Every structure is written in structure tokens, then in C-alpha cells.
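A closer look at the structure
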Amino acid sequence: MARLAARVRSVSDSFTLKLNAQVQEMQKQGIDIANLTTGEPDFQVPEAAKEAVREAVRLNRSKYTPVPGLPALREAIARKTNVQQPSLVALSGEWKGANVIATNGGKQAIFNAMMAVLEPGDQVLYPAPFWLSYPEMTKLVGSEPFSIATRFENGFRMTADELSRALDAAPRAKLLILNSPCNPTGALYSHEELAAIGEVLEKNPRGRELWVLSDEIYDRVILGEKPFTSFLEACPRLRDRVITVNGMSKAAAMTGWRVGWTVASAEATAAMNTVQAQSTSGINALSQWASIAALALPESSFSEQVAKYRERFRMVLEILSKAGKLRVVVPEGAFYVFFGVQEYLAAGEDAGRFCERVLRDARVALVPGDPFGAPGFVRMSFATDDATLKSGCERLVGLLGS
Ligand SMILES: Cc1ncc(COP(=O)(O)O)c(C=O)c1O
């Protein structure tokens with residue numbers, strides 16, 4: 001009998017995408033659901049990006065592009081990264097277009113990086129709670145996920161000590177993934193916290209052998225006073241072994257356009273380019289033209305979106321505070337609120353069952369924390385319109401009581 005590869009049998013489908021499809025099916029049947037599951041901005045794509053696509057179509061810009069992307073796009077991405085990493089630029093010079101590969105979303109950027117640096121059996125470290133695709137992608141490339149426990153009391157931000165202990169416990173560690181702001185917790189690492197992590201990576205003999213992937217896809221969604229810090233801005237000496245991942249999906253509401261990227265050393269970029277050349281080639285040409293236009297917009301073009309996220313986040317926290325026994329992680333970035341529901345679980349109920357009950361009885365869709373490495377917790381997205389968000393939060397609180 002023809003058999004499928006073992007690697008696919010060990011990997012789960014994207015849990016959130018599946019859940020979202022289920023909710024949409026219920027909505028199609030006319031059931032009024034407040035869908036607070038999606039990791040997708042509800043804003044519109046910038047007009048300049050749409051216009052660039054119309055123009056590209058008119059000019060028949062429809063041929064294969066170079067595998068790592070159009071030069072103008074790669075240069076725009078390098079410029080953006082240089083602005084976020086002035087200490088690195090001062091220490092060792094600017095990133096150039098040649099250090100950039102445009103990918104099919106942030107997801108392919110991560111996949112390319114894993115394919116380029118990991119061997120079968122290597123361990124991939126990341127703090128828990130984590131974005132749920134990290135372990136599944138790790139398994140797809142034949143490596144082994146290793147999650148590092150962090151503490152609720154520390155806002156689920158991994159400390160330098162926690163990393164040191166993990167290095168002792170994971171003898172085959174080859175790659176560390178950092179994600180700030182974090183999906184699902186909204187944790188935002190300060191300059192000092194990142195520098196302390198960088199110190200472990202420089203001083204610990206095992207830390208010195210690690211590659212680092214810094215997933216900075218939520219860099220624009222900052223909810224409070226603490227600023228975003230790019231990992232290499234805090235740790236510029238690690239330049240040669242850090243792969244920075246970012247993209248247009250969350251920053252410019254361009255999820256469906258599938259544009260992400262890596263910024264990395266010439267050596268890592270060449271390796272990832274080989275992976276991309278033999279898997280997907282250069283990404284969609286029209287999306288690249290759109291991204292060039294969106295990247296040329298001043299930061300102020302996005303301030304309305306950011307202000308809206310901040311407003312929604314305050315509204316959500318205010319309503320959720322009425323259910324006083326929720327253990328809320330106050331997010332500092334990204335567009336999720338992550339909270340512990342332990343005090344509200346019925347006998348024998350886990351967070352998954354809890355979410356089923358909330359969907360059935362309050363018609364609010366949430367994602368359980370288990371696939372993010374946080375049993376007992378639940379993720380709510382506030383990347384949705386105010387009315388749905390307000391009614392969803394009120395219905396949830398109404399079901400839970402105080
Ligand atoms: C932390 C994180 N990294 C990467 C991605 C992937 O982004 P993209 O949709 O551009 O592939 C996501 C999307 O949800 C994410 O939350």
C-alpha cells in the first residue's frame with residue numbers, strides 16, 4: 001500500500017485556522033457568533049498598495065521575479081530593518097538588499113530558516129507560551145521541539161536564567177526562537193531583557209553554538225509606553241547568527257498577500273535562498289509591488305490602526321475585569337489577550353472543553369491555550385470590529401459571572 005511520510009503524521013494542522021473554519025461554518029448557518037479567534041487585522045490594505053498592484057498589472061509586470069525578491073523590495077526591507085537596529089548599523093554597518101529574502105508570508109520565512117540551519121534530531125528552543133506553528137514546523141523538518149517554561153508572574157517573558165537552565169537540559173539545541181511582541185501572550189521584551197538573553201548566547205558555551213530566529217511580525221502593534229526593540233538592536237554582536245523575520249501581514253493588514261521576509265548574514269541568506277529556489281521560487285510579483293508601496297508609507301499612516309488596537313485593548317480589559325477570577329496577562333503588544341480560566345473550569349473540564357462551552361452557551365469563539373503550550377489558558381483576539389468585540393466580551397463575562 002502507498003504510505004504517507006511519517007513526518008506528516010506527527011504534525012497537526014493549524015489549530016486556529018481549523019477552528020476559524022468551524023466558526024465560519026456556524027455563522028453561515030445563521031448562528032450569531034462573536035468570533036474572537038482570528039489573528040488577522042480587520043483593517044483595509046493601504047490604498048497605495050492597491051494602486052501599485054493596478055499599475056503593475058497595467059504594465060504587465062507578471063513574469064518570474066528573482067528568487068529572493070525584486071531589488072527595490074529587498075532594499076526597502078533592509079532600510080526598515082536598519083531604522084530598527086541603529087546600534088547594529090553603528091557597530092558593523094547597514095543591512096543591504098542582498099541580506100534580504102522576500103518570502104510567502106512570515107511562515108515561509110521561518111520554514112526557510114529552519115530548513116537552512118537544522119539537522120534531523122537537532123533541538124529547537126522557544127519560550128512557552130509560543131506561536132503554535134513553531135513546534136509543528138520543527139517536526140516537519142525532522143527536528144525536535146523543546147519549549148522553555150516561563151512564569152505568569154513575569155508576564156510569560158523568558159529570563160536569562162530560564163534560558164541558561166534550558167541550555168543545560170537540551171544538549172542538542174541548535175536554534176532559539178524569540179517572538180516579541182508575542183502571539184499569544186502579548187509579551188514585549190525590553191532592551192535590557194533582550195540584552196540579558198544575548199549575554200547568555202555569548203557567554204554560555206552551548207549558547208555560543210545557537211542560531212537565533214527573532215520573529216518580529218507584530219513590531220508595529222505596540223499597546224503601551226514600552227517601545228518595541230528589535231533583538232539585534234539589543235544584541236548587535238550576534239549579527240552573524242540571528243535571522244530576523246518580519247512581514248506585511250500584521251503591520252499593513254496584508255495577510256492574504258503573503259509577503260514576509262528574512263534579514264540575515266550573507267551565509268544564512270545564501271542557504272535560505274537555495275531552499276526557496278527549489279521549493280517556491282520568488283514570491284507573487286504583484287504582492288511585491290504592493291509591498292514596495294506600503295513600505296514607502298510614513299509610520300504616521302498606520303497610527304490610526306494602532307490607536308484603534310489600543311482603544312479596543314482597554315475596552316476588553318475593562319469588561320474582562322468584571323470576571324475577577326480570570327488570570328489576565330496584560331498584553332504590551334500584538335492584538336491578543338491571554339487569560340487563565342482555571343477558576344472557571346467545571347469539574348473535569350480543560351481549556352478546550354471550556355472554549356466549547358463558551359461557544360455553545362455564550363456564542364463566543366476563543367482559542368484554548370493548549371496548542372500554544374499553556375493549558376488552562378485561553379486566547380482572545382481583539383483584531384475585530386468594536387461591536388463584535390464588545391458583545392463577545394460581555395457575553396463571556398455574563399456566562400462566567402464575577
Ligand atoms: C508569531 C507569528 N509569526 C509568524 C506568523 C506568520 O505570518 P504570515 O501570515 O505572514 O505567514 C504569525 C501569523 O499568525 C504569527 O502570529
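Described below are features of the structure shown in this document. Everything quoted here is computed from the prediction, not taken from an experiment. (Residues numbered from 1 in each chain as written. Predicted model: local features only at pLDDT ≥ 70, side-chain atom pairs only at ≥ 80, totals over all residues. Heavy atoms only, no water.)

**Considerations on the packing of helix H6 (residues 105-117) against helix H11 (residues 266-277)**
Basically, it comes down to this: Fitted lines through C-alpha atoms give the axes, limited to the stretch in contact for helices. The angle between two N-to-C directions lies from 0 to 180 degrees. Numbering of helices and strands runs from the N terminus, with a helix taken as a DSSP run of H or I at least four residues long and a strand as a DSSP run of E at least two residues long. An angle below 35 degrees is read as roughly parallel, one above 145 as roughly antiparallel, one from 65 to 115 as roughly perpendicular, and any other as oblique. Left-handed is the label given to a crossing in which the near helix is rotated counterclockwise from the far helix by less than a right angle, and right-handed is the label when the rotation is clockwise. It only takes one pair of heavy atoms within 4.5 Å for two residues to be counted as in contact.
Relative orientation of the contacting elements H6 and H11 amounts to 110 degrees, with a least axis distance of 8 Å. It follows that H6 is roughly perpendicular to H11 by the angle criterion. Judged by the twist between their axes, the crossing of H6 over H11 is right-handed. Residues Gln108, Asn112, Ala113, Met115 and Ala116 of H6 form the contact with H11, whose own contacting residues are Ala271, Met272, Val275 and Gln276.

**Structural notes on the packing of aromatic side chains**
Keep this limit in mind: Side-chain rings of Phe, Tyr and Trp, where Trp is taken by its six-membered ring, are said to pair if the distance between their centres is within 6.5 Å; with planes under 30 degrees apart they count as stacked, over 60 as edge-to-face, and otherwise as tilted. Three exposure classes are used, based on accessible area relative to the maximum for each residue type with a 1.4 Å probe and protein chains only: buried under 20%, partly exposed in between, and exposed over 50%.
Per the counting criterion, the structure on display carries 15 aromatic pairs. Residues Phe156 and Phe338 carry aromatic rings whose centres are separated by 6.4 Å and whose planes lie at 70 degrees to one another, so their mutual orientation is edge-to-face. Here Phe156 is found in the loop between strand E4 (144-149) and helix H8 (160-169), whereas its partner Phe338 is found in strand E10 (residues 336-340), with 182 residues between them in sequence. Classification of Phe156 as buried rests on a relative accessible area of 9%. Summarising the aromatic geometry, the rings of Phe338 and Phe377 are spaced 5.3 Å apart at their centres and angled 15 degrees between planes, so their arrangement reads as stacked. Note that Phe338 is positioned in strand E10 and Phe377 in strand E13 (residues 377-381), a separation of 39 residues in sequence. Phe377 matches Phe338 in its accessibility class, with the two residues each being buried. Joined through ring pairs, the aromatic side chains of Phe43, Tyr218, Tyr309, Phe335 and Tyr336 make up one cluster.

**As for the sheet that holds strand E6 (residues 211-215)**
Rules: The rule for pairing is simple: two strands pair if DSSP sees at least two bridges between them.
In space, the 7 strands of this open sheet follow the order E2-E8-E7-E6-E5-E3-E4, with mixed pairing throughout. The sheet is open, and its two edges are formed by strand E2 (100-103) and E4, each paired on a single side. Sheet twist, expressed as the average angle between the axes of neighbouring strands with direction ignored, equals 25 degrees. Judged from the 4 bridges that link them, E6 and strand E7 (residues 242-247) form a sheet pairing that is parallel. Each residue of the ladder has a partner; that of Leu213, found in E7, is Ile243. The strands touched by H6 are E2, strand E5 (173-179), E6, E7 and strand E8 (260-263); relative to E7, the strand with the most contacts, the crossing angle is about 160 degrees. Sitting on the sheet, H8 is in contact with strand E3 (123-128), E4 and E5, with an inclination near 145 degrees to E4.

**Concerning the side chain of Thr103**
Our working definition: Polar contacts here mean pairs of N or O atoms no more than 3.5 Å apart (in protein, one a potential hydrogen donor and the other a potential acceptor; neighbouring residues in sequence count only if both atoms are side-chain atoms).
Here Thr103 is to be found in strand E2. Looking at Thr103, its side chain comes within polar contact range of the main-chain nitrogen of Trp261, at 3.3 Å.

**A look at the sheet that holds E10**
Here we have 4 strands laid out as an open sheet, ordered E9-E10-E13-E12, and antiparallel in their pairing. Looking at the sheet topology across the chains shown, the edges are occupied by strand E9 (327-329) and strand E12 (367-368). With 2 bridges joining them, E12 and E13 adopt antiparallel strand pairing. Paired with Pro368 across the two strands is Val378, which belongs to E13. Most of the contacts of helix H13 (residues 303-320) go to E10, to which it runs at about 20 degrees, and overall it touches E9, E10 and E13.

Just geometry here; none of it tells us what the structure is for.
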